[in-house]
Amino acid sequence: MGTNIYGALSIGKSAILAQQAALQITGHNIANVNTEGYTRQEAHLETGYPIQSTPGDIGTGVRVGSIERKYDSFLGSQILSEAGLLGEWNMKDEVLSTVEVAFNEVGSGGLSSNISDFFGAWHDLASDPRNEALRQSVIGSGQVLSDSFNNMYTSLTNQIRNVDDKIIAVVDEANQILDEITQLNIAIHEGEVNRENANDLRDTRDLRLKELAGIMNVHKREQNNNQVLIDVAGTGRPLVVGIQKFSLSATRNDLDASLHDISWVDAAGGTTIINSEINAGKLQGLLEVRGMVEDYRNKLNRVASEIVRGVNVLHQNGYGLDSSTGIDFFDPLIVSTQMSTLNTGSGLVTTAAVYDADDISTDRFEMVFTSGSTFTLNNLTTGSTSGSYTFSSGASLAALSQRGINMAITGAPAAGDVFRVSSSTGISGNFSVNSEVVADSRRIAGSESISQGDGTNALKIADLVSTNLIGRMPGGTSGSYTFSDFYNGLVGTVGNDTSLAKENVILRESVSLQVANRREQVSGVSLDEEMVNMIKFQAAYNGAARIISIVDEMLDTLLRS
Amino acid sequence: MFRITNAMLFNNNLYNVFTNNKGMLTAQEQLASGKRINRPSDDAGAFSQALGHRHTIRQNKQFIRNIENGISNLQLADSALNSIGGLVQDAITIAVSQSNATADASTRQTYAQEIDNILGGIIQLGNTSKRGMYIFAGKNKSTQPFASGAVYYGSRTEAMAEIFENVQIGVGLDGSEMLATDLNPIVTTSTTLASLNRGQGIAQGSFTITDRSGSTSTVNLSSAGTIADVINLINGSGANVTASVNSSQNGIMITDNTSPPVTNLVISEVGGGSTAAAFGLLGDRSNSTFVGFDLNPGITGSTALSQLNGGAGMTLTSLNVLNGAASGTVSLAGATTVNDVLTAINALTGLNVTASVNASGTAIEINSNDPTTNAYALEVGTGTSAMDLGISGGSNLIRTLMIFRDGLRDNDSIAIQGSIDMLQTGLDRVLTFRGKAGAKTNRLESTLETLTKLNDDTLTIQSTLEDADMVKAASDLARFQTAYQATLQSSAKIMQPTLMDFLR
């Protein structure tokens, strides 16, 4: 005896409940059609456990076996890597598109034309050195040139500062996401320990993970306990281990306190700089683009410093209308130094000055101590090593005096200590016509002697514009590029970098769309499909209700008889 | 089954709308600005190239301005030389007429006045200037090149102008090549201080040298007789510096040996003097060398012939010296110093002449010891020694006219006769000089033409690089517009209906 009338009623009830649950899921899907990161869910219906009887098993209806999250785990890693690339190029594009505005000169203005105009004014002066209008024009075009250098320097420096501020903000954002993922790990673990599906929480965790991947290169591994392990992709440095969270921190750069490095904070609170481990995402984009803009600024400084040096050398040796001589036309180069905060020795820079204004190198140098008494000199401008030297405390270093810089370090530096020195750092920002010359135009040294009509020195200065001064080695007179060639090349580099970033953003957006579409194919909500399901479940619900109503009639018949 | 979801439709649609919008924006920007490149990233290579072209155009415009200025100088020179030639021609006519037997002391006296006027006219023309800049004074354009006397006060170096990249041409001419020789010796250690500044001497007071270690020493030149003395006094002053003759060999220079330097190299006068300034050494330098300027030494007896003409030297042959009825030929081939030349000429017997260095130390002159006769020299064969030494003839037009004038005054028919020859070589010299200036004008004009053409071509290239292809931009705009409309229409059709529209 296997059936009874209540069995049929219970089947009806199970069907009503199951179809209702399925309808609810359909409703949830429809409700979340526009929710970012939402993964479509599907009710898996299965038959109830049958009652064994003769002649055969009799079914007990239906139940919701599981609520499945329609998810293609293979796509997960691709989504993460695409998010990283898109984040990286978006940052570069955003910054470079602003930077290139400073280098734009479609009209008649711009640094390139200011350089030509400045040296043109000296040509004019050479023909008529006593002409006051021409002398004023030399000063005026020099001031326009300085304004251009100053403006570009300010604009590039602001851009570097903005990028650095953004690095700090993005590190904060990453920490917040790491925190949320850790919280979600806890919630999902607790939710699923009873074999319940924490589908929506998983959606949120995936979404956070994608956001994190947009910030930096991360690798995700799911553990048996449904928690995820997150580490820095490539190096395996842990970021989230189950419910333990590590954080990142923006720490001041050891050489340039205005810039920040990205550091990893260990459990004890110690920091390790991980700039080199980051190779994707917004952070990578920001670090790289900051380096690019710094490079542009260094190149701009190269042009400015060689103009200052070249013009001043000739101007000092020339004579003004008032027989003045030895006067700089532009404010002279200043030697500046940087010392790493990570230095362990007691070495301190006590002297940093111009040794030979004629022959000073405008390259940037870095001294890396290999022991307490030796150091390697690296030329940061050319990227080459200039050799090893012995160090003696307090004495002017021959390695630098050969390059026109008088530098002395006292105390005892230790191996690994780093010092930097340069005569061109910040020069574009300090570029200015000497106030002595501005105050009295007679001091412009157009002559080689006290003969007022002699314009030879003006001609020599004018001729600098077609002299290859950039890339000059100390002791040599000629380098590889003229001011204009080098600057035009710099504009080309900026343009190329910007256009590369723009093209990559377009490419990455299109690939991201494809990956998103592939995810949509599996995980996305189709309203049409949900409508069909709704009809399907509604019809089944109606059928089940019918069964109950039939059983009700049957009971009625039975009770009445 | 390939599922298409609503989000896919929306995302694809947005992507396509944005792509079309961007295309329209680009095409519209090109149409509005007329430029294909509106920022460096639009075409970095072309943008950078265009900047280069723009620089070239601007530089060429500068060269064109330099050339126009040079041409106006040379045209002025040409007209001055034309007048000088005419005046010399007049002088020759007078010389020919006054060398005839019909001329007498009184006509010659009259014409002496005329020649004096011509001489004044030529000096005035030699001082031709443009906006206060003398065109026959070499690079020292503000220095009046000629005063009374056969002395050139300008520079033997021409005033240059750049007419093409790294091509310079002299547009301020060296008047000594035409009117008055300037032997322009170099400065050596044996050069006497008295001979400096064309024999005017130089201030010999005291000045102080503060070397780059900051230690100050005083140098007193009152006892110095030669440049070697000056150098020794500076080197022995205690300052850590080395003095030497500068690389142009026209002055001295001081090199600081301090290492490492802590201050500028400063040279100052002592007690309101002007000694340092006179040597071009007054002031301060932030580098280790202080180069003094041209001290304009005059020649003295001990000046070696190889030191003349800025160190280029000269090769002498023979001279024919005349004075009244007497004449004699002297060979100067073996002479090595100015004294050798003077001694050889003075040794000529029966001529009664004295050869000496002129007061400015710029040339050698031969004067008659007899007030009624006038001494002069003529070339022997194709030699140019008389002209080269500045005695007479050729480029010594002023001196020649003075001899001619004095010959007329003294009724010295031999000197008048000789003047015809000398004036003729002077005229030749003027014509040669004018020819050289003319050749320069031609060169400037042809360069001007090249530059103008070059600029036109560069503009065309630049326009090809920068300017938008309007037809292409317009058709691009239309293309993207069509695509944009199609996208909007199709999405309206695809997105609007859902199954819900059909379930009632």
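## As for the overall build of chain A
Each helix and strand counted, chain A has twelve helices and 16 strands in total. For 561 residues, the compact-globule estimate of 2.2 N^0.38 gives 24 Å, and the C-alpha radius of gyration of chain A, at 37 Å, exceeds that figure by more than 25%. C-alpha extents for chain A along the principal axes are approximately 140 × 55 × 30 Å. Buried positions account for 51% of the 561 residues belonging to chain A. Of the contacts made within chain A by residues no fewer than 6 positions apart, 67% connect residues no fewer than 24 positions apart. A total accessible area of about 23,400 Å² is found for chain A, and carbon and sulfur atoms account for 51% of it.

## Considerations on the environment of Asn38(B)
All names here are of chain B. Structurally, asparagine 38 can be placed in the loop between helix H1 (6–33) and helix H2 (44–99). On a C-alpha basis, the gap between asparagine 38 and serine 244 in space is 58 Å, while along the polypeptide they are 206 residues apart. At 3.3 Å, the side chain of asparagine 38 forms a polar contact with the backbone oxygen of lysine 35.

## Quick word on the interface of chain A and chain B
Of the residues lining the interface, 75 residues belong to chain A; the matching set on chain B comes to 65 residues. Buried area between chain A and chain B, summed over both chains or domains, comes out near 5,600 Å², and the portion from carbon and sulfur atoms is 49%. If you look at where chain A meets chain B, you find five salt bridges. Between Arg131(B) and Asp128(A) there is a salt bridge, with the nearest N and O atoms lying 2.8 Å from each other. The interface formed by chain A and chain B includes 36 residue pairs in polar contact (both at pLDDT 80 or more). Put simply, the parts of the chain that give the side of chain A that touches chain B at least two residues each are helix H2 (73–103), helix H3 (111–127), helix H6 (281–317), helix H10 (456–462), helix H11 (483–523) and helix H12 (527–560) of chain A. Of the residues forming the side of chain A that touches chain B, the biggest block, 19 residues, is contributed by H11(A). When grouped by side-chain class, the residues that make up the side of chain A that touches chain B number 21 nonpolar, 37 polar and 17 charged.

## A word on the pattern of salt bridges
Residues and elements named next belong to chain A. Here the structure, examined in full by the defined rule, presents 53 salt bridges over all chains. In this structure, glutamate 448 and lysine 460 form a salt bridge, with 2.9 Å as the shortest nitrogen-oxygen distance. Placement of the pair is glutamate 448 in the loop between helix H9 (435–439) and H10 and lysine 460 in helix H10, with a sequence separation of twelve residues. Assessed through its relative accessible area of 28%, glutamate 448 is described here as partly exposed. Taking relative accessible area as the criterion, lysine 460 reaches 40% and is therefore assigned partly exposed. Note that aspartate 556 is salt-bridged to arginine 560, the shortest N-O span being 2.7 Å.

## Digging into unusual backbone geometry
Look at the link from Thr54(A) to Pro55(A): it is a cis peptide, with omega at 5°. You can see Pro55(A) is positioned in the loop between strand E1 (41–47) and strand E2 (62–69). The phi dihedral of Asn226(A) falls on the positive side, at around 70°, and the residue is not glycine. Tracing the sequence through the fold places Asn226(A) in the loop between strand E3 (218–222) and strand E4 (228–232). The phi dihedral of Arg131(B) is positive, around 45°, even though this residue is not glycine. Inspection of the secondary structure puts Arg131(B) in the loop between strand E1 (129–130) and strand E2 (133–134). Take Arg131(B): its relative accessible area is 52%, and that puts it in the exposed class.

## Some thoughts on the pairing of strand E6 (residues 216–220) of chain B
Residues and elements named next belong to chain B. What you see with E6 is a clean split: Ser217 and Val219 sit on the buried side and Thr216, Thr218 and Asn220 on the side with no burial. Sheet analysis places strand E5 (residues 206–210) next to E6, joined by five bridges and oriented antiparallel. Bridging from a neighbouring strand, isoleucine 209 pairs with serine 217 of E6.

## Observations concerning the sheet that holds strand E12 (residues 318–323) of chain B
All names here are of chain B. The sheet built from three strands is open, its strands ordered E13-E12-E16 with antiparallel pairing. Only two strands of the sheet have a single partner each, and these edge strands are strand E13 (326–331) and strand E16 (375–379). Between one strand and the next, the sheet's axes are offset by a mean angle of 25°, whatever the strand orientation.

Cut-offs and rules
- Residues numbered from 1 in each chain as written.
- Chains lettered and ligands numbered in written order.
- Predicted model: local features only at pLDDT ≥ 70, side-chain atom pairs only at ≥ 80, totals over all residues.
- Heavy atoms only, no water.
- Helix = DSSP H or I, 4+ residues; strand = E, 2+ residues; numbered from the N terminus.
- Rg over C-alpha atoms; globule rule 2.2 N^0.38 Å.
- Buried < 20%, exposed > 50% of the residue type's maximum accessible area, 1.4 Å probe, protein only.
- Contact = heavy atoms within 4.5 Å.
- Areas by Shrake-Rupley, 256 points an atom, 1.4 Å probe, with all protein chains shown as cover.
- Polar contact = N/O pair within 3.5 Å; in protein donor to acceptor, adjacent residues only side chain to side chain.
- Buried area = accessible area lost by both parts, 1.4 Å probe.
- Salt bridge = Lys/Arg side-chain N within 4 Å of Asp/Glu carboxyl O.
- Nonpolar A, V, L, I, M, F, W, Y, C, P; charged D, E, K, R; others polar.
- Pairing = 2+ DSSP bridges.
- Axes fitted to C-alpha atoms, helices over the stretch in contact; angles between N-to-C directions.

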